[in-house]
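Tertiary structure, described
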Amino acid sequence: NISIKIKEVVRMRNELKKICGQRRRFNGIMVRVGKRNHYRGSRLDLYTILFRDVKDEEGNIVADHLWLDCVPTFTALHPSYGDIVEFEGTVESYIRGVSSRRNYYYTGTMSLDYTIRNIKNSRVIGQIKEEDMEDKLKWYDREENKEIGC
């Protein structure tokens, strides 16, 4: 009989928690492209996109930022730094990656977080104003990867 404690990540993701399992339309500001190692033994890197101020269809912020997988619907858009991208997806919970496994080893707890998956029907709906870029994006800003090429 194994007992696992799961602690929930408390941030803006609580708004995602409320709509977990639901398919909705969202939009967010594209900040940059990143990559992470694929787990389960593969040597392939998976590309991701960092979005800031992710909002639901009513305009409510559901996450201050999200790293989403670079799916074909995003790749086809070629969004750039500061583009506002709208997309449809399903909110899902997941156990956070390697750090959670390491944390579980030492503390007996894992972290539950929320993301958006099964992304479809994306489109660029605008660009944030030049004067707002520094304020909105400086925390996430990196010179490299300002344009998507995943």
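Residues numbered from 1 in each chain as written. Predicted model: local features only at pLDDT ≥ 70, side-chain atom pairs only at ≥ 80, totals over all residues. Heavy atoms only, no water.

**Observations concerning the packing of aromatic side chains**
Going through the model one piece at a time under the given rule, you end up with four aromatic pairs. For the ring pair F51 and F74, a centre distance of 5.4 Å and an interplane angle of 50° mean the geometry is tilted. Highlighted residues: F51 in strand 3 (residues 45–56) and F74 in helix 2 (residues 72–75), separated in sequence by 23 residues. Assessed through its relative accessible area of 0%, F51 is described here as buried. Relative to F87, the ring of F74 lies with its centre 5.5 Å away and its plane at 90°, an arrangement referred to as edge-to-face. One end of the pair, F74, is in helix 2; the other, F87, is in strand 5 (residues 83–95), and 13 residues separate them in sequence. The exposure classification of F74 matches that of F87, with both residues buried. (Phe/Tyr/Trp six-rings, centres within 6.5 Å; stacked < 30°, edge-to-face > 60°. Helix = DSSP H or I, 4+ residues; strand = E, 2+ residues; numbered from the N terminus. Buried < 20%, exposed > 50% of the residue type's maximum accessible area, 1.4 Å probe, protein only.)

**Description of the environment of G28**
Relative to the helices and strands, G28 is located in strand 2 (residues 23–37). Between the C-alpha atoms of G28 and L50, which are 22 residues apart in sequence, the distance is 9.1 Å.

**Describing unusual backbone geometry**
Although it is not a glycine, N118 sits at a positive phi angle of roughly 55°. Along the polypeptide, N118 turns up in strand 6 (residues 109–127). The backbone of N121 sits at a positive phi, close to 50°, despite the residue not being glycine.

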